[in-house]
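Close look at the chain arrangement
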Amino acid sequence: MTSSNTQTPDNPKKIIFSAIQPSGTITLGNYLGALQNWITLQDDYRCIFALADLHTITVRQDPPKFRRNVLEAYALLLSCGIDLEKSIFFIQSHVHTHAELAWILNCYTQFGELSRMTQFKDKSLRHADNINVGLFAYPSLMAADILLYQADLVPVGADQKQHLELARDIASRFNGAYSPTFTIPDPYIPKTGARIMSLQDPLKKMSKSDDNANAYLSLLDSPDDIVRKLKRAVTDSDGSVAYADGKDGINNLMRIYSCITGRSFEQIETDFSGKGYGDFKAAVAEALIEHLRPIQERFHMLVQDKAYLESCYSKCAQDALHLSGRTLKKVMKKIGFVL
Ligand code: ATP
Ligand code: LTN
């Protein structure tokens, strides 16, 4: 049986583009909110994924740490299940068309539009000593990423929706000024798009750039780290394992446990009725440790094989350049560049 997205001559597979910044160790939030969906989408869509390292330098990076973060994130995403037989997975800075189209799109994006972006406002407050032009123009680079591949769908978390809307506006404006050039991308907000919250402040999202390492679970945390961080996770004084308003800490742990084990909230409530938070936290830790074990094993093997990693990202960069080069050429021709 073929699903509606299976490729046939008159029904080419839809194109998906998404990217993640290699700005630190990938968290459980990134995994459950984004990466797990990327992995499942690979069967039904033509998927193109990237590590958005050009975006990462909008915040100052320590060079050796940055280099390590990029290579580790590449190995980790492969370990999570990005399959290069099905998908392209490249490093953004290896494909020069991104910076080139971003410059062009800057000239089709208004100052006022970029000024309204909430991420720019938030990051300007957090990095008040370095409000650089790249931070401001971040969304036009993101638009270039997406539009270069004529993506139909872009899986992103809610925090990126505003940027995607801007990408749609820029694409429509360009198409209107010349002739249809770019596919207008739709956001793809996955059903299981769990929003995983900080373990220390369950009203704040779990983030890899949190100063407090106890607030997030990294995919590379050791079993001891996982047990310790979960033991310290903030809960409430009610004591019953139940999903309810005001129990943000427990709700978050239930969401994590449910995503990992596939058990519904009702099933979890039944399994843990009469048991305390200590037992529940131990069960969440156990489930996570088992889930992450094969990913971590693959990661530790892959990350040492620099030659293999290089062969993967070089081949993918070539494929990405081939696809994106066609769009860039079309754009330049329409604008009137001498080619
Ligand atoms: P940073 O801390 O550097 O801002 P981040 O951890 O918030 O990074 P991003 O690199 O901005 O993560 O996001 C990568 C993807 O992961 C996005 O699609 C985003 O929506 C998703 N994501 C990030 N944090 C969470 C979370 N806590 N729960 C669910 N999804 C998340
Ligand atoms: N801004 C995104 C990462 C990103 C992206 C993209 C996501 C860069 N380019 C293109 C989707 C499509 C983030 O911080 N999560």
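Structure shown above.
Anyway, here's the lowdown on the structure attached to this text. (Residues numbered from 1 in each chain as written. Chains lettered and ligands numbered in written order. Predicted model: local features only at pLDDT ≥ 70, side-chain atom pairs only at ≥ 80, totals over all residues. Heavy atoms only, no water.)

**Focus: helix α10 (residues 248-261)**
For an α-helix, 3.6 residues make a turn, and residues three or four places apart therefore share a direction. The end-to-end C-alpha distance of α10 is 20 Å, a good match for the 20 Å that 14 residues give at a rise of 1.5 Å each. The buried fraction of α10 amounts to eleven of the 14 residues, a majority that puts the element mostly inside the structure. Of all the positions in α10, only G249, I250, N251, N252, L253, M254, R255, I256, Y257, S258 and I260 are classed as buried. The elements touched by buried residues of α10 are α1 (28-41), α9 (223-231), α11 (265-271) and α12 (277-302). Just past α10, the residue G262 takes up positive phi, approximately 80 degrees. (Helix = DSSP H or I, 4+ residues; strand = E, 2+ residues; numbered from the N terminus. Expected span 1.5 Å × (residues − 1). Buried < 20%, exposed > 50% of the residue type's maximum accessible area, 1.4 Å probe, protein only. Contact = heavy atoms within 4.5 Å.)

**Brief notes about the nonpolar core**
With 100 residues, the main nonpolar core has L28, Y74, F90, L101, L230, F280 and L288 as its most contacted residues. Among the elements that make up this core, the one with the highest residue count is α12 (twelve residues). (Core = buried A, V, L, I, M, F, W, Y, C linked by side-chain atoms within 4.5 Å.)

**Looking at the site of ligand 2**
Taken together, 13 residues lie around ligand 2, and Q21, Y138, M142, D145 and Q160 are the ones closest in. The side chain of Q21 places a nitrogen or oxygen atom 3.3 Å from an oxygen atom of ligand 2. Expressed as a share of its isolated accessible area of 360 Å², the protein-covered part of ligand 2 is 90%. Elements supplying a minimum of two residues to the shell around ligand 2: β1 (15-20) and α7 (133-148). A total of four residues in the shell around ligand 2 trace back to one element, the largest contributor, which is α7. (Near = heavy atom within 4 Å. Polar contact = N/O pair within 3.5 Å; in protein donor to acceptor, adjacent residues only side chain to side chain. Areas by Shrake-Rupley, 256 points an atom, 1.4 Å probe, with all protein chains shown as cover.)

**Let's talk about α9**
Looking at α9, one finds that the buried residues are I226, K229 and L230. Axial view of α9: buried residues confined to an arc of 95 degrees, hence all on one face. Turned more than 90 degrees away from the buried face of α9 sit D224 and K231, all of them exposed. Among the structural elements, α10 and α12 are those in contact with the buried residues of α9. (Arc of directions from axis to C-beta.)

**Structural notes on the site of ligand 1**
In the region of ligand 1, 17 residues are neighbours, and I196, K205, S207, K208 and S209 sit closest. In the environment of ligand 1, an oxygen atom lies 2.9 Å from a nitrogen or oxygen atom belonging to the side chain of S23. Between ligand 1 and S207 there is a distance of 2.5 Å, counted from an oxygen atom to a side-chain nitrogen or oxygen. Alone, ligand 1 offers 610 Å² of accessible surface; in the complex the protein occludes 91% of this. For the shell around ligand 1, the element with the highest residue contribution is α1, accounting for four residues.

**Structural notes on the packing of aromatic side chains**
Summed over the entire model, instances satisfying the criterion amount to 17 aromatic pairs. Pairing Y45 with Y188 gives two aromatic rings, centres 6.4 Å apart and planes at 70 degrees, and the pair type is edge-to-face. Taken together, the residues Y45 in the loop between α1 and β2 (46-51) and Y188 in strand β5 (residues 186-188) connect sequence positions 143 residues apart. Taking the relative accessible area as the measure of exposure, Y45 reaches 10% and is therefore buried. Taking the centre distance of 5.3 Å and the plane angle of 55 degrees together, the rings of F174 and F182 count as tilted. On the basis of relative accessible area, F182 is assigned to the buried category, the value being 5%. Ring-pair connections join several aromatic residues into one group, and the members of that group are Y108, F174, Y178 and F182. A cation over an aromatic ring shows up here: K275 above the ring of F272, its NZ or CZ 5.7 Å from the ring centre. (Phe/Tyr/Trp six-rings, centres within 6.5 Å; stacked < 30°, edge-to-face > 60°. Lys NZ or Arg CZ within 6 Å of the ring centre and 35° of its normal.)

**Re unusual backbone geometry**
Even without being glycine, Q150 reaches a positive phi, approximately 55 degrees. Along the chain, Q150 turns up in the loop between α7 and β4 (153-155).

**Topic: the layout of surface pockets**
Here the second largest pocket is characterised by a volume of approximately 230 Å³. Looking at the second largest pocket, it is lined by 15 residues, and the ones nearest its centre are V133, G134, A137, Y138 and L141. For the lining of the second largest pocket, the element with the highest residue contribution is α7, accounting for six residues. (1 Å grid on protein atoms, 1.4 Å probe; cavity = no way out; pocket = protein on both sides within 12 Å on 5 of 7 lines; lining within 4 Å. Points joined across faces, edges and corners; volume = space filled by probe spheres on them.)

**Structural notes on empty space enclosed by the protein**
Going through the model one piece at a time under the given rule, you end up with two cavities of 30 Å³ or more. As for the largest cavity, its lining consists of G24, T25, I26, N69, E72, A73, L76 and L220. Residue composition of the lining of the largest cavity, grouped by class: four nonpolar, three polar and one charged. In this structure, the second largest cavity occupies an estimated 40 Å³ of space. Taken together, M117, Q119, F120, L135, Y138, P139 and H163 form the lining of the second largest cavity. Those elements that place two or more of their residues in the lining of the second largest cavity are α6 (118-126) and α7. Counting residues per element, the lining of the second largest cavity draws most heavily on α7, which supplies three residues. (Nonpolar A, V, L, I, M, F, W, Y, C, P; charged D, E, K, R; others polar.)

Everything listed here is a matter of coordinates, which is why it stays silent on function.
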